[in-house]
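These are the residues of each chain, in order.
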Amino acid sequence: MNKNIEDIVEILHAEKCSCVIYNNGVVRLYWQRGVKDLLTILEKEPSMLHGAMIADKVIGKGAAALMILGGVESIYADVISKPALELLSTVKLSVRYAESVPNIINRSGTGICPVENLCMNCKTALDCLPLIKQFIENNFNSKTNLLT
């Protein structure tokens, strides 16, 4: 059954997940916070992103970069940062959102999200990629999710 972006947003809110990806008749739900899921999909299953519709709770510049690199066609965010919107404006991609904020705030509420901060001065999505990869490598390991 074909879905539209409204259907994907409805699933996001009904399932209380962090992200919903729809592509080629397949709907996948994700619950991790941050960009780890998107990076894993981009590296291991890029065809899931190419041409996809994504509904996400929070999209910062890092997530936007991964979506651009993956070839996503349409996105919705409950909250999106202005740096993410600026980066997304450089490509042909449908973007809808409920709220735009100056920056994504970190989980403790004390400052800018670390991935958003890392990507702040990047001009392109490709510039963001090595910074995001390094961040994930430095902050996650197989035994412990250090960011939860």
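Our subject is the structure that appears above.
In this report, we go over the structure that sits alongside the text. (Residues numbered from 1 in each chain as written. Predicted model: local features only at pLDDT ≥ 70, side-chain atom pairs only at ≥ 80, totals over all residues. Heavy atoms only, no water.)

## Side note on the pairing of strand E1 (residues 19–23)
Working note: regular strand, side chains alternate between the two faces of the sheet. Of all five residues that make up E1, five are buried, and the element is covered over most of its length. With five bridges connecting them, E1 and strand E2 (residues 26–30) associate as antiparallel partners. In the strand pairing of E2, asparagine 23 is matched with valine 26. Here E1 folds back onto E2, and the loop between the two strands holds two residues, one of which, asparagine 24, carries a positive phi near 50°. As defined by bridge partners, E1 adjoins strand E3 (residues 53–59) across four bridges and the pair is classed as antiparallel. Bridging from a neighbouring strand, tyrosine 22 pairs with methionine 53 of E3. (Buried < 20%, exposed > 50% of the residue type's maximum accessible area, 1.4 Å probe, protein only. Helix = DSSP H or I, 4+ residues; strand = E, 2+ residues; numbered from the N terminus. Pairing = 2+ DSSP bridges.)

## Remarks on the sheet that holds E1
Within the open sheet, the five strands sit side by side as E2-E1-E3-E4-E5. Their pairing is mixed. One side of each edge strand has no neighbouring strand; the edge strands of this open sheet are E2 and strand E5 (94–101). Recorded for the sheet is a direction-independent mean angle of 10° between the axes of neighbouring strands. Relative to the sheet, helix H1 (residues 5–15) contacts E1, E2, E3, strand E4 (74–81) and E5, its axis offset from that of E3 by approximately 45°. (Axes fitted to C-alpha atoms, helices over the stretch in contact; angles between N-to-C directions. Contact = heavy atoms within 4.5 Å.)

## Observations concerning the pattern of salt bridges
Charged atoms that come close allow side chains of opposite charge to pair. A full pass over the atoms with the stated rule returns three salt bridges. When the shortest N-O distance is used, the salt bridge between glutamate 45 and arginine 28 registers 2.6 Å. Taken as a pair, glutamate 45 in the loop between helix H2 (36–44) and E3 and arginine 28 in strand E2 lie far apart in primary sequence, 17 residues in all. For glutamate 43, the salt bridge identified is with lysine 133, shortest N-O distance 3.5 Å. Taken together, the positions of glutamate 43 in helix H2 and lysine 133 in helix H6 (residues 125–139) put the pair 90 residues apart, joining distant regions of the chain. Take lysine 133: its relative accessible area is 30%, and that puts it in the partly exposed class. (Salt bridge = Lys/Arg side-chain N within 4 Å of Asp/Glu carboxyl O.)

Just distances and angles here, no functional claims.
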